[in-house]
Amino acid sequence: MRRGLTLPLILLLAWELASRLGLADPRILPPASQVLLRGWAAFWNDDLLGNLLASLTRDLAGFSLGTLAGLCFGTLLGLSRLGDRLLGPSFHGLKQIAIFAWIPLISMWFGIGELAKIVFIAIAAFVPVVLNTEEGMRGASRQLIEVGRVLTFNRRQRLTRIFLPSALPAILTGIQLALMASWLATIGTEYFMTVGPGIGGLIIEGRERFEMDQVMLGILILGVVGFALNAVAGHLGRVLTRYETA
Amino acid sequence: MRIVTDISMTAALGAFRTQAPRTRARGWVRLVVTALAGFIVPLLALLLWQVSASRDWLPQQILPPPDMVWQSFVDMVKSGELLGHIEISLQRVVEGFALGAVIGLTLGFSIGLSPILDDYLSPLITAFAQVPTLGWVPLLMILLGIDEGLKVAIIAIAAFIPMVINTRAAVRAVPQGLLEVARCFMYTRRQQLLRVVLPASVPTIFTGIRYGLTHAWKALVGVELLASAEGLGYLLVWGRQMFWLDMVLLAMAVIGVLGFAMDYGLARIERRLQRWRIGPLGDPS
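Residues numbered from 1 in each chain as written. Chains lettered and ligands numbered in written order. Predicted model: local features only at pLDDT ≥ 70, side-chain atom pairs only at ≥ 80, totals over all residues.

If you check an unreviewed UniProt entry, chain B appears there as Sulfonate transport system permease protein from Arboricoccus pini. On record in UniProt, under Function (unreviewed entry), the comment for chain B is "Probably part of an ABC transporter complex. Probably responsible for the translocation of the substrate across the membrane." What UniProt records for chain B under Subcellular location (unreviewed entry) is the sentence "Cell membrane". (UniProt positions renumbered as here; feature names shortened; annotations may be inferred.)

The name given to chain A in an unreviewed UniProt entry is Sulfonate transport system permease protein, and the organism recorded there is Arboricoccus pini. The UniProt entry for chain A carries the following text under Sequence similarities (unreviewed entry): "Belongs to the binding-protein-dependent transport system permease family." Under the UniProt heading Subcellular location (unreviewed entry), the entry covering chain A gives this text: "Cell membrane".

Here it is, written out as structure tokens:
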């Protein structure tokens, strides 16, 4: 732990000193302390919290939409052979398109407002959830399926008692990936469609005004939020799959 | 098998399914049918698209007719314009990916092999990886301008992260038993690396390389959308600004096909490498 902190602390100190002593242009490299002060000021004056909340709300809206759709579609692909044959190739083909390439099309169809952003984030979340759900459903053990047949489970029972529980770990992996993908997508949409509040908009604004401290503050927030989302997803995953080892 | 298929959603699908077992087609026939089934939905979509275009259900700026998209594709290929953009994009990806790979693999190996280095560097790398790649664009714009340097740097960052993480994990997961055998044979450090660590960690490292390339391609499109005057991403932006949706659609298609081709290429190399891997591990010489 102490070793892990050494390098970051040295770098921070070097950064602070380089800037304070004039070794680096403070416009390009503002002192670390100034970035934090900027954060403090932005918190009270520039509605930093409002911007953060706007980004997070957008992120969660797109994420939930994409995840829900992804779960349904992934289940269809995983459990229905016909569904997989008809729709699988189209999905796997469209999946190849690098995610940001959707942005121009979406902004032409849905404008550059909130709706367009949420649609884009949903697409980003959709893909990993479909892939993992499909794989999880396919991986259900033959024996369990057999047991279900012996117990004459109906369709719903098979889904909720056999397929969903055995696919759950894979689904959770998909959701965790979707959480990361949708955060990246949130930043992406906010960079491309700069209308409305959001952390991405804040960073772009900082760059346009050449205020490096605001840019760095924004990136710091991106990192912290990304880390927090990942931690939450990881924890949730462990809690939900606890039955596996029990 | 029956139960799995029983879950399919509608009665119509059900009717189709019950016929399937009766016509027990030979293997390759079934393969062709399976392949053809994948075209049904795209063809229906194309048909709907064509009908909607010929009936003017939607304005051309929202959905240009399919033949218009095809025509602009042909035009752009003939004029060599498309190839020029592709070349520039590919060059950027190759440069950025190579840079990211060199740094990522070296760093990954170093921290995988040395626990002390790992203690010092890992938290920093983890922290660095938390920021979405595209997040760095505005910062690097101030530092590097909006020229090639920016694009290559962003692509390198995108490629670097999965490679360093996977390489570290791969090296650490080398079975202790193998290392013990190597020590018994009094392998030198170099021999241990080349004969044991490297072959045993290749599969996981390769996963990292594939992720790295996928991420690099994604980042290329992102950074070209934000700041570029050439390349496939720029084609998208330009098409959007001029409201030429045909250009946007064809650029998307090219991006998809190239992305697939690169990943497919790596997958084939991966399979080759796996075969090679058996040699050094099994060969006692």
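## So, the overall build of chain A
The number of helices and strands found in chain A is eleven helices and zero strands. Of the regular secondary structure in chain A, the N- to C-terminal order runs α-α-α-α-α-α-α-α-α-α-α. Counting only C-alpha atoms, chain A reaches 75 × 50 × 30 Å along its principal axes. Buried residues in chain A amount to 42% of all 246 residues. Considering only residue pairs separated by 6 or more positions, chain A has 74% of its internal contacts joining residues 24 or more positions apart. (Helix = DSSP H or I, 4+ residues; strand = E, 2+ residues; numbered from the N terminus. Buried ≥ 20, exposed ≤ 12 C-beta atoms within 10 Å, placed from the backbone. Contact = placed C-beta atoms within 7 Å.)

## Some words on the interface of chain B and chain A
The figure often quoted for interface size is the accessible area lost as the parts come together. Taken together, the contacts link 53 residues of chain B with 55 residues of chain A. Residue contributions to the side of chain B that touches chain A peak at eight residues, all from helix α6 (residues 115–130) of chain B.

## A word on the packing of helix α5 (residues 102–110) of chain A against helix α11 (residues 232–241) of chain B
The contact between α5(A) and α11(B) brings their axes to 9 Å, and the two run at 15 degrees. Relative to α11(B), the element α5(A) lies roughly parallel. Pair α5(A) / α11(B) crosses with right-handed handedness. Where α5(A) approaches α11(B), its residues P104(A), S107(A) and M108(A) are matched on the opposing element by L236(B), V237(B), G239(B) and R240(B). (Axes fitted to C-alpha atoms, helices over the stretch in contact; angles between N-to-C directions. Parallel < 35°, antiparallel > 145°, perpendicular 65-115°, else oblique. Left-handed = near helix turned anticlockwise from the far one by under 90°.)

## Quick word on the UniProt feature "transmembrane region" (unreviewed entry) in chain A
All names here are of chain A. Residues annotated in UniProt with the feature "transmembrane region" (unreviewed entry) correspond here to residues 60–79, 91–109, 162–185 and 215–233. Secondary structure over residues 60–79 splits into 100% helix and 0% strand, and the C-alpha atoms at its two ends are 28 Å apart. Taken end to end, residues 91–109 has its terminal C-alpha atoms 20 Å apart, with 63% of it in helix and 0% in strand.

## Details of the nonpolar core
Formed by 112 residues in total, the largest nonpolar core has its most connected members in I154(B), I155(B), A159(B), A216(B) and A251(B). Dropping the residues within four chain positions of it, A159(B) is found in contact with G96(B), F97(B), G100(B), A101(B), G104(B), G212(B), L213(B), H215(B) and A216(B). (Core = buried A, V, L, I, M, F, W, Y, C linked by C-beta atoms within 7 Å.)

## Things to note about unusual backbone geometry
Residue and element names in this part refer to chain B. For D56, which is not glycine, the phi torsion reads 60 degrees and is therefore positive. Note on placement: D56 falls in the loop between α3 (27–54) and α4 (66–78). Look at F243: it is not a glycine, yet its phi comes out positive at around 60 degrees. Topologically, F243 is positioned in the loop between α11 and α12 (245–282).

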